[in-house]
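# Reading the structure
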Protein chains: 2
Amino acid sequence: MREEELLKLAADALVGLGLRRQDALDAAGILVLGDLFGVHTHGVSRIESYGERLDLGGIKARPDIRVERVAPAIATVEGDNGVGPLVGVRALESAMAMARESGTGIAFARGSNHFGPIAPYNYIASEAGFASIIGSSATTTIAPTGGSEARLGNSPLGCGIPHPGGRPIILDMAMSVVARAKIRNALKRGESIPETWATDKEGRPTTDPKTALDGFLLPIGGYKGYGLALIVDLFAGLLSGAAYLTHVQSWSDEPGKPQNLGHFFFLIDTRKLGPSSWLSERMNDFAAILHSTPAADAAKPVLLPGEIELNNLERQRRDGIEIEAGLREKLERFASRAGESLQSR
Amino acid sequence: MREEELLKLAADALVGLGLRRQDALDAAGILVLGDLFGVHTHGVSRIESYGERLDLGGIKARPDIRVERVAPAIATVEGDNGVGPLVGVRALESAMAMARESGTGIAFARGSNHFGPIAPYNYIASEAGFASIIGSSATTTIAPTGGSEARLGNSPLGCGIPHPGGRPIILDMAMSVVARAKIRNALKRGESIPETWATDKEGRPTTDPKTALDGFLLPIGGYKGYGLALIVDLFAGLLSGAAYLTHVQSWSDEPGKPQNLGHFFFLIDTRKLGPSSWLSERMNDFAAILHSTPAADAAKPVLLPGEIELNNLERQRRDGIEIEAGLREKLERFASRAGESLQSR
């Protein structure tokens, strides 16, 4: 499927679910970039769970998103419980506008929902010349170091550095050693897991995937990952005015309730630091130093963060995006509602 | 030793090494806070290695530090190869001034040196009402994931969130699973180390501390910590105009050469986001949620990042700071030079 086709289908599906056309296009743009990067778990497949919540009234199809400049380089964004990627795009736009004027800008969003993968926001910012640090609060899945109850989210963090005329460097990561899906896969295959991945429900490390799935994900680097997850939540959840820690509603347990997720978008206009030739030269050199590192295994050269995703992007923009037939049908079904709902409005 | 006494002694030592009085006081303030936090490896003990390099001309005692506002909320700071904590304080002051005006501000420092521990900068920012993200480039000790040669530094990152009327939350961490000192201690005790700590010099995980010391530190979470270390270097080293990756000179191998380290100081004025009572209430609640987590081991309650250091700060401000006799004598010896050098200038 071509990028433009998928974008149209995803936007039509969101319009079918009640969104305004422009809002649907903006939100779909983030999800389609997720698919282009190969992160299909966070791509247009998410429209299904968004749709469930839109139908239940857990997410508002036509929110009144309000952006308030509280300082020349700080904006707060009230998402009014809109679809996450829509709130995300509005906040990103506001941060870009401030950074263009002041050099840097930070937008704090509240009243939001799952906002898709982070890499697309970093990518859009990078292509426009902005370095970025972006984070979100999330449903609780991690126990604090030494604790035996999930109290914080597996907060995702994305960072991007533009490379004029070349490829940006983009790191998009959550704070757990692995995602729950990886533990579920080990269970399916009947394998044990390393004891660094997760704990049982009393907070003790385990190698049994079933025990782990009843317990908690372990953060990277022990107390360091715990600390990082908590810092992301302090910026994205607490300072933004959104929910944080255990105040975040689980979208899967309570799909009909607003989550009040928060995000932050911190941008720097790199053009204020030097001409693009200066940045381009340094980024080329930076990448070359890492790429030329002798590999421990000759078959596996050293990569930069985001390199696999940017390869996927180039390939899929050229050859088309693979979308499962079942997902395509679901999106078409949502899209077909658009005609009906237009009659009733 | 009382805080004021140690501050005076450390400043006198730096004056003895050729610094101007005010510069010496500002730089000493950071190091003394390091000791107050209990991070003695990054406290006034550093004045010894700074002194060695000052004597060799590897660091300039009286640099011409220039702060340039390249945008309302971005400053670049040319450290002119001054003592790191001095360059750091000047950059922090500039970031605070910009954040007061614009809400946020970022200062990029280049031409700098080891700038002490990061937590003191986050602490000063927090006490003044600013949330902060601060990082530095560092000498290369980490191999990229899959690589068998050190190409990036164990870049330190510090984050702070103010808590009006209460304790800030401060996370100060480097990107390796453990510091080299911990591997050296295992060697001394004749113990093996977990294979997640380090690799041999071909980049293969090892449990032998001696092999590990000849090899590289492993970053937290594998490619995630590698990515984070690299992002810190992109902000602190590359965007700042300083050295990055293998361009950073090792201060221990080449003490007589400028390192051209870089730092970034990103600040947000939290008072623009809401009244201090609002922030205080949320920070109290945030801390209470984490502190009330049932502990896996009842004897080890859940802690917040920076909590141990802030306990040390309170205790040592009350009871005095423990400084080794040998270190005290060294500082006094440096300080005694002040009289002599004043004659000769």
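In this convention, every chain numbers its residues from 1, walking through the sequence in written order. The lettering of chains begins at A and the numbering of ligands begins at 1, in the order of writing. Local features are withheld for residues below a pLDDT of 70 in this predicted model, meaning they are given only at 70 or higher, and side-chain atom pairs are given and counted only at 80 or more; totals for whole chains, interfaces and linings count all residues.

## Description of the overall build of chain A
Helix and strand assignments come from DSSP, with helices taken as H or I runs of at least 4 residues and strands as E runs of at least 2, each series counted from the N terminus. Secondary structure assignment for chain A yields 11 helices and 11 strands. C-alpha atoms define the radius of gyration in this analysis, and the globule rule sets the expected value at 2.2 Å times the number of residues to the power 0.38. For chain A, the C-alpha radius of gyration of 20 Å lies close to 20 Å, the compact-globule estimate for 345 residues. Considering only C-alpha atoms, chain A reaches an extent of 60 × 50 × 45 Å along its principal axes. Working definition of burial: number of other C-beta atoms within 10 Å of the residue's own, with buried at 20 or more, exposed at 12 or fewer, and partly exposed in between, all C-beta atoms being placed from the backbone. Here chain A holds 345 residues, and the buried ones make up 59% of them.

## A word on the relation of the copies chain B and chain A
In superposing the copies, a least-squares fit is computed on C-alpha atoms, taking residues whose pLDDT is at least 70 in both. For the match of chain B to chain A, the screw axis carries a shift of 0.0 Å, the RMSD comes to 0.0 Å, and the turn is 180 degrees. These values place the two chain copies in the arrangement generated by a two-fold rotation axis. We call two residues in contact when their backbone-placed C-beta atoms lie within 7 Å. The overlap is high: 100% of the interface residues of chain B also sit at the interface in chain A, so the same surface is used on both sides.

## Regarding the interface of chain B and chain A
The partner chain A presents 58 residues to the 58 residues of chain B that form the contact. Elements that contribute at least two residues to the side of chain B that touches chain A include exactly strand S1 (66-71), strand S3 (104-112), strand S7 (157-161), strand S8 (169-173), helix H8 (223-238), strand S11 (261-269) and helix H9 (276-291) of chain B. It is H8 of chain B that contributes the most residues to the side of chain B that touches chain A, seven residues altogether. Residues are sorted three ways: Asp, Glu, Lys and Arg are charged, Ala, Val, Leu, Ile, Met, Phe, Trp, Tyr, Cys and Pro are nonpolar, and all the rest, Gly among them, are polar. For the side of chain B that touches chain A, the residue count by class is 33 nonpolar, 15 polar and 10 charged.

## Section: the nonpolar core
Residues Ala10, Leu14 and Phe265 of chain A together with Ala10, Leu14 and Phe265 of chain B are the most contacted members of the largest nonpolar core, which totals 231 residues. In this structure, Phe265 of chain A is in contact with Ala91, Leu92, Ala95, Ile106, Ala107, Tyr121, Ser132 and Ile134 of chain A, ignoring residues within four places of it in sequence. Structurally, a nonpolar core is described as a collection of buried Ala, Val, Leu, Ile, Met, Phe, Trp, Tyr and Cys residues joined by way of C-beta atoms within 7 Å.

## Quick look at the pairing of strand S4 (residues 130-136) of chain A
All names here are of chain A. The element S4 is largely enclosed, with a buried count of seven among its seven residues. Of the two faces of S4, the one lined by Phe130, Ser132, Ile134 and Ser136 and the one lined by Ala131, Ile133 and Gly135 are each fully buried. Here S4 pairs with strand S7 (residues 157-161) via four bridges, running antiparallel. Its bridge partner being in S7, Ser132 is matched across the sheet by Gly160. When DSSP finds two or more bridges between two strands, those strands count as paired.

## Concerning the sheet that holds S7 of chain A
Residues and elements named next belong to chain A. The seven strands are arranged S1-S2-S3-S11-S4-S7-S8 in an open sheet whose pairing can be described as mixed. At either margin of the open sheet sits one strand with a lone partner, and together these are strand S1 (66-71) and strand S8 (169-173). Shown here is a sheet whose adjacent strand axes are inclined to one another by a mean of 10 degrees, direction ignored. Of the pairings in the sheet, the one linking S1 to strand S2 (residues 74-78) comprises five bridges and is antiparallel in character. Residue pairing for S2: Val67 is matched across the bridge by Val77. Axis angles are defined between N-to-C directions and span 0 to 180 degrees, where every axis is a line fitted to C-alpha atoms and, for a helix, only to the segment in contact.

## Examining the sheet that holds S8 of chain B
Residues and elements named next belong to chain B. Ordered by their spatial adjacency, seven strands build an open sheet running S1-S2-S3-S11-S4-S7-S8, and the pairing between neighbours is mixed. Each end of this open sheet is capped by a strand with a single partner; those strands are S1 and S8. The sheet shows a mean angle of 10 degrees between the axes of neighbouring strands, taken without regard to direction. Along the sheet, helix H4 (residues 84-102) contacts S1, strand S2 (74-78), S3, strand S4 (130-136) and S11; its crossing angle with S3, the most-contacted strand, is approximately 160 degrees.

## Some details on the environment of Val83 of chain A
Residues and elements named next belong to chain A. Note that Val83 resides in the loop between S2 and helix H4 (84-102). Note on Val83: 35 C-beta atoms within 10 Å, which makes it buried. Val83 sits 30 residues away from Arg53 along the chain, and the two C-alpha atoms are 9.5 Å apart. Apart from residues no more than four positions distant in its own chain, Val83 is found in contact with Leu19, Ala27, Tyr50, Ile59 and Asn113.

## Some points on the packing of helix H2 (residues 21-36) of chain B against H4 of chain B
Residue and element names in this part refer to chain B. Where H2 contacts H4, the axes come no closer than 8 Å and their chain directions differ by 95 degrees. Classified by the interaxial angle, the pair formed by H2 and H4 is roughly perpendicular. Along its contact with H2, which presents Asp23, Asp26, Ala27, Ile30 and Leu31, the element H4 presents Pro85, Leu86, Gly88 and Val89. Each angle receives one of four descriptions, namely roughly parallel if under 35 degrees, roughly antiparallel if over 145, roughly perpendicular if within 65 to 115, and oblique otherwise.

## Overview of helix H1 (residues 3-16) of chain A
Residue and element names in this part refer to chain A. Its 14 residues place the ends of H1 20 Å apart at the C-alpha level, agreeing with the 20 Å of an ideal helix rising 1.5 Å per residue. Taking burial as the measure, the 14 residues of H1 include 10 buried ones, the bulk of the element. All of the buried residues in H1 are Leu6, Leu7, Leu9, Ala10, Ala11, Asp12, Ala13, Leu14, Val15 and Gly16. Within two residues after H1, Gly18 carries a phi angle of roughly 110 degrees, on the positive side. Here a helix's expected span is defined as the number of its residues, less one, multiplied by 1.5 Å.

## Side note on the packing of H1 of chain A against helix H2 (residues 21-36) of chain A
Residue and element names in this part refer to chain A. At a minimum axis distance of 8 Å, the contact between H1 and H2 shows a crossing angle of 130 degrees. As summarised for this structure, H1 and H2 are arranged oblique, according to the angle between their axes. Crossing of H1 against H2: the hand is right-handed. Each of Glu3, Leu6, Leu7, Ala10, Ala11, Leu14 and Val15 in H1 lies in contact with H2, whose residues at this interface are Arg21, Ala24, Leu25, Ala27, Ala28, Gly29, Leu31, Val32, Asp35 and Leu36. Grouping the constituent residues of the contact of H1 with H2 by class yields 13 nonpolar, one polar and three charged. Here is the rule for handedness: rotate from the far helix to the near one, and if that takes an anticlockwise turn smaller than a right angle the crossing is left-handed, while a clockwise turn gives right-handed.

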